[in-house]
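Chain by chain, the residues:
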Amino acid sequence: MKSVVVHTGGKMSVEESPMPELNAPDDVLVRVAYSGLCGSDIPRIFSNGAHFYPITLGHEFSGHVVSTGTECGNLQEGDAVVCVPLLPCFQCEECCKAAYSQCKHYQFIGSRRDGGHAEFVVVSRKNLFRLPKGTSLMQGAFFEPITVGLHALKLAGGCEGKEVVVIGAGTIGQLIIQAAAALGAKSVTAIDINPRRLDLALSTGATHACDSAIMSEEEIRQHSHERRFNQLILETAGMPQTVALALDIAGPKAQVALVGTLHKDLTLNVVTFSHILRKELTILGSWMNYSAPWPGSEWQQATQLFAENKMNLEPLIASLSTPEEFVTDVISLAGKPMIGKILLDMTGR
């Protein structure tokens, strides 16, 4: 079978790999349809950030069930499924309290083991979410990134009636913007340094936009002055300066949800830190996208958003490529962030 294999030093190639086999009663063989490149994959490719090499990445994938082990419940051949990439142990104290993302004995598809950038992949039944009829496999490939944002909204107690601010209008940010608009936010403000991303956000759900490359913190604060109460700010860019920006522009008693993963140290000056105290901000850390019952209400909520046609994915896709084209698209990033989602098409169309 074809696999997109990553080697050290940012080298990628399409290679013939052995067909994976079922080795456990709850194993499932999936024929992959679509598999997305995640922003977290970029350092794994270009900065030797993977756990091992060579590796086949891919944790945002959809496909059809080919065969199952003897203990896979109601999953059957031909079922459309999407990847739930985390596999907790379900036995430790953290898991018993539904803190699955804090499990110390977890596995992760496409990171700690090979993933979905291949024609076929074998995963545990617990790593699959069955798609309802009417939900496409293309939509399925976006379930994982959508639920990242939905998890943050869940931790914040929802967004209905709130003045939502999303800092970072990459894929995760764009999906949060659409979801927040669909789930009853009073307003949605997008903040980014890329005008193209801001225009996209305004066309798919944002009511306001601020270009932080040309607007100061004070100008952004003034722009949002009428929307300063009952704020929910979601930081998705994962940069020290955007975390500081979230605290600087926050209104009184705002919720600040930190979603983006930092790769550099964060240092807050006295004024920025004092905002947390003086404004009585609530800081929420959001990690991954799971809750009880497994894999969580976030995944059911994603299903509902698609059933109601509330998510517009087409403008978010930068490329939909064969394995060979996918390698070219990824290498062309040269370690820089994606402007839109890069998707691997394994359907053979």
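Please refer to the structure placed before this passage.
These notes cover the structure that comes with them. (Residues numbered from 1 in each chain as written. Predicted model: local features only at pLDDT ≥ 70, side-chain atom pairs only at ≥ 80, totals over all residues. Heavy atoms only, no water.)

**Here we look at helix 10 (residues 297-307)**
Next up, step 1: Within the span of helix 10, buried status applies to Glu298, Trp299, Ala302, Thr303, Leu305 and Phe306. Take helix 10 and look down its axis: the buried residues cluster within an arc of 160°, on one side only.
Next up, step 2: Following helix 10 by one or two positions, Asn309 has its phi on the positive side, about 55°. (Buried < 20%, exposed > 50% of the residue type's maximum accessible area, 1.4 Å probe, protein only. Helix = DSSP H or I, 4+ residues; strand = E, 2+ residues; numbered from the N terminus. Arc of directions from axis to C-beta.)

**Points about helix 11 (residues 323-331)**
Next up, step 1: Every buried residue belonging to helix 11 is among Pro323, Phe326, Val327 and Val330, and all of these are buried. Burial along helix 11 is one-sided: seen end-on, the buried residues are contained in an arc of 100°.
Next up, step 2: Packed against the buried residues of helix 11 are strand 1 (2-7), strand 2 (11-16), strand 3 (27-36), helix 1 (41-46), strand 16 (317-321) and strand 17 (341-345). (Contact = heavy atoms within 4.5 Å.)

**Remarks on the pairing of strand 10 (residues 163-167)**
Next up, step 1: Burial within strand 10 is extensive, with five of its five residues counted as buried.
Next up, step 2: The alternating pattern of strand 10 places Glu163, Val165 and Ile167 and Val164 and Val166 on opposite faces, both of which are buried.
Next up, step 3: As defined by bridge partners, strand 10 adjoins strand 11 (residues 187-192) across five bridges and the pair is classed as parallel. Along strand 11, the bridge assignment pairs Ile167 with Ile191. (Pairing = 2+ DSSP bridges.)

**A short note on the nonpolar core**
Next up, step 1: If you look at the biggest cluster of nonpolar residues, it comprises 55 residues, and the most contacted ones within it are Phe143, Ile146, Val164, Leu232, Leu234 and Tyr290.
Next up, step 2: Per-element tally for this core: the top contributor is helix 4 (residues 143-155), with six residues.
Next up, step 3: Apart from the residues lying within four places of it in its own chain, the contact partners of Phe143 are Val82, Phe129, Leu131, Thr135, Trp299, Ala302, Thr303 and Phe306.
Next up, step 4: By size, the runner-up hydrophobic cluster in this structure holds 30 residues, among which are Leu37, Ile45, Val81 and Leu333. (Core = buried A, V, L, I, M, F, W, Y, C linked by side-chain atoms within 4.5 Å.)

**Examining the pairing of strand 3**
Next up, step 1: Buried residues dominate strand 3, accounting for nine of its 10 residues.
Next up, step 2: Taken together, the five bridges between strand 3 and strand 8 (residues 120-124) define a ladder with antiparallel strand orientation. In the strand pairing of strand 8, Leu29 is matched with Val122.
Next up, step 3: Relative to strand 17, strand 3 is paired through three bridges, and the arrangement is antiparallel.

**Here we look at the packing of helix 5 (residues 171-182) against helix 6 (residues 195-204)**
Next up, step 1: Contact pair helix 5 / helix 6: the axes reach a minimum separation of 9 Å and the direction vectors enclose 20°. Our classification of the angle between helix 5 and helix 6 gives roughly parallel. For the pair helix 5 and helix 6, the crossing hand works out as right-handed. Seen from helix 5, the contacting residues are Gln174, Ile177 and Gln178; seen from helix 6, they are Arg197, Leu200, Ala201 and Thr204.
Next up, step 2: For the contact of helix 5 with helix 6, a count of residues per class yields three nonpolar, three polar and one charged. (Axes fitted to C-alpha atoms, helices over the stretch in contact; angles between N-to-C directions. Parallel < 35°, antiparallel > 145°, perpendicular 65-115°, else oblique. Left-handed = near helix turned anticlockwise from the far one by under 90°. Nonpolar A, V, L, I, M, F, W, Y, C, P; charged D, E, K, R; others polar.)

**A look at the packing of helix 8 (residues 240-249) against helix 9 (residues 270-278)**
A pair of packed helices is captured by two measures, namely the crossing angle of their axes and the spacing between those axes.
Next up, step 1: Where helix 8 contacts helix 9, the two axes come as close as 8 Å, and the packing angle between them is 50°. Here helix 8 is positioned oblique relative to helix 9, judged by the angle of their axes. Note on packing geometry: the crossing formed by helix 8 with helix 9 is left-handed. Contacts between helix 8 and helix 9 involve Ala244, Leu247 and Asp248 on the former and, on the latter, Thr272, His275 and Ile276.
Next up, step 2: A breakdown of the residues in the contact of helix 8 with helix 9 according to their chemical character gives three nonpolar, two polar and one charged.

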